[in-house]
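Spelled out, the chains give:
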Amino acid sequence: MSKHLKRREELGFSLPEIMVGMVIGMLGILIIMQMTSLFENQRRSTSGGDDAQNSGAIALFGISRDIKQAGYGVSSPALVGRTLVTPNVTLTPLSPVSIVQGGTCSGCNINRDANTDALLIVYGSSNADAGGHLIKDTPANGYSVTGGAQTAVPQVGSGGTTFRNGDYVTPDNGQAAGAGGTDPHYLYQVSGADPSVVPINDLAYGVAHPFLKYVTASGTLPLLFNLGPTPSIILYAVNNGALWSCNFMAAGGCPATPAQGTNWTQLAGDVVSMRAECTSAAPAYGVRIVLVTRNSQPDRNVNSPMPVWGGAPINAIDLTATQVANGFAWNNYRYKTFETIVPVRNVAWGGRGISGCQ
């Protein structure tokens, strides 16, 4: 008996036992794979939502920062509402903030996603008087300036003390818009250092800087506005599901289609819409802006409604034209809206009745 039992123990598992064990093992592997897939989808959904939320918050902060700078050095009534010609773009008319709709961008073309707005923000970088500097005379090589338009009695000074080589400037003849005021304004550049005049480079427009001179009897004050060495004309746009920005003052300007390798910079991915409107209730001139981000991972079990924003009138943000893949629809994604109102402070503080947004 003992020999027989010992011999059976040495024989190992039978074929049915092995098959039963394999079935149990395969069932275990199948369950583990399904659980792993479920948890991985949940992880991707959670991490994708976190990425979208972070992208929206960071992008909105960057745009808000630029809007707060809007109008710095370019908020004078002599400039706002008139045309400004720069080397790469013509602003028609100049406004600290412009909401670009209909595929145009104040003299430039921009390819952006359907049902989105683009935002153009303009500000200078000079420490000079934002009210402009009085032009005493126009020598052959530039302008001779004094203290500026805010001086009650213009004083003849050394001139040029608040201008530096490389600063961008634009002259104005001091006339009202409807009485022969300067329009368009051309952006010129200071081409040297001189204690008595501001040397001007006409930037190859084919238009020489105009002759202007202060005459006491005329009652007009020709002014030279200083935008500093690095003025900004920044365009924000949504293209191909991402938020981009470009500064028209960079060499070469901004091509119509945002792309890396040019002057465009991608600020955030998974941004499917940007909408904006001007708020014109004085003195709280500002811009209402909303960004819509989405989770990068679609889910067929998700049926998201259209996001809404507080624009006037309050309405839904149309996402039906957003790009989708692999048979998913726009509502198979989760969305997050980021909305705020940003005051255009440099205009509101001026107290000149200019909204600063168009």
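Conventions used here
- Residues numbered from 1 in each chain as written.
- Predicted model: local features only at pLDDT ≥ 70, side-chain atom pairs only at ≥ 80, totals over all residues.
- Heavy atoms only, no water.
- Helix = DSSP H or I, 4+ residues; strand = E, 2+ residues; numbered from the N terminus.
- Buried < 20%, exposed > 50% of the residue type's maximum accessible area, 1.4 Å probe, protein only.
- Contact = heavy atoms within 4.5 Å.
- Areas by Shrake-Rupley, 256 points an atom, 1.4 Å probe, with all protein chains shown as cover.
- Salt bridge = Lys/Arg side-chain N within 4 Å of Asp/Glu carboxyl O.
- Polar contact = N/O pair within 3.5 Å; in protein donor to acceptor, adjacent residues only side chain to side chain.
- Pairing = 2+ DSSP bridges.
- Axes fitted to C-alpha atoms, helices over the stretch in contact; angles between N-to-C directions.
- Patch = residues over 30% accessible without salt bridge, like charges linked within 9 Å, V, L, I, M, F, W, Y side chains within 5 Å.
- Disulfide = S-S within 2.5 Å.

Turning our eyes to something else, we now look at the overall build of the protein. A count of helical and extended segments in the protein gives 3 helices and 19 strands. A total of 358 residues make up the protein; the buried ones form 44% of that total. Restricting the contact set of the protein to residue pairs at least 6 apart, pairs at least 24 apart contribute 65%. Roughly 18000 Å² of accessible area belongs to the protein as shown, and the carbon and sulfur atoms make up 55% of that amount.

Enumeration according to the criterion identifies 4 salt bridges in this entry. Residues D117 and R275 are paired through a salt bridge, measuring 3.1 Å at the closest nitrogen-oxygen approach. Of this pair, D117 sits in the loop between β3 (97-100) and β4 (118-123) while R275 sits in strand β15 (residues 271-279), placing them 158 residues apart in sequence. Across the pair R288 and E277 runs a salt bridge whose closest N-O atoms are separated by 3.1 Å. One end of the pair, R288, is in strand β16 (residues 286-294); the other, E277, is in strand β15, with 11 residues separating them in the sequence. Of the two residues, R288 and E277, both sit in the buried class.

This part takes up the side chain of D172. Along the chain, D172 turns up in strand β7 (residues 168-172). D172 gets classed as buried once you look at its relative accessible area, which sits at 2%. Side-chain polar atoms of D172 contact the backbone nitrogen of G174, separated by 2.9 Å. Once residues within four sequence positions are removed from consideration, D172 is found in contact with A78, R82, T182, H185, L212, P222, L223 and F225.

Spatially, 5 strands are ordered β3-β4-β12-β13-β14 in an open sheet, and the strand pairing comes out antiparallel. A strand with exactly one partner marks an edge of an open sheet, and here the two such strands are β3 and β14 (265-269). Pairwise comparison of adjacent strand axes, ignoring direction, gives a mean angle of 20° for this sheet. As defined by bridge partners, strand β12 (residues 232-239) adjoins strand β13 (residues 242-247) across 6 bridges and the pair is classed as antiparallel. Bridge pairing in β13 links I234 to N247.

So, on to the sheet that holds strand β11 (residues 223-228). Reading around the circumference, β5-β6-β10-β9-β7-β11 is the order of the 6 strands in this closed barrel, with antiparallel pairing throughout. Pairwise comparison of adjacent strand axes, ignoring direction, gives a mean angle of 45° for this sheet. Relative to strand β9 (residues 188-190), β7 runs antiparallel, the two sharing 2 bridges. Bridging from a neighbouring strand, V169 pairs with Y188 of β9.

What follows deals with the environment of V308. Take V308: it is sitting in strand β17 (residues 308-309). Those residues in contact with V308 that lie beyond four places of it in its chain are N315, A316 and T337.

Judged by side-chain polarity, F13, I18 and M22 come together as a nonpolar surface patch covering roughly 360 Å² of accessible area. Positionally, F13 belongs in the loop between α1 (2-10) and α2 (15-69). Here F13 falls in the exposed class, since its relative accessible area comes to 67%.

Here the focus is the state of the cysteines. One pass over the structure, following the stated rule, counts 2 disulfides. Covalently, C246 is tied to C254 through a disulfide, its sulfur atoms 2.1 Å apart. In this structure, the disulfide formed by C246 and C254 twists by about -100° around the S-S bond and is classed as left-handed. Judged by relative accessible area, which is 2%, C246 ranks as buried. Residue C278 pairs covalently with C357 via a disulfide, S to S 1.9 Å. The sign of the S-S torsion, about -75°, decides the handedness of the disulfide formed by C278 and C357: left-handed. On the criterion of sequence distance, the pair formed by C278 in strand β15 and C357 in the segment after α3 (345-348) is long-range, its members being 79 residues apart. Taking only the cysteines that form disulfides and numbering them from first to last, the protein has the pattern 1-2, 3-4.

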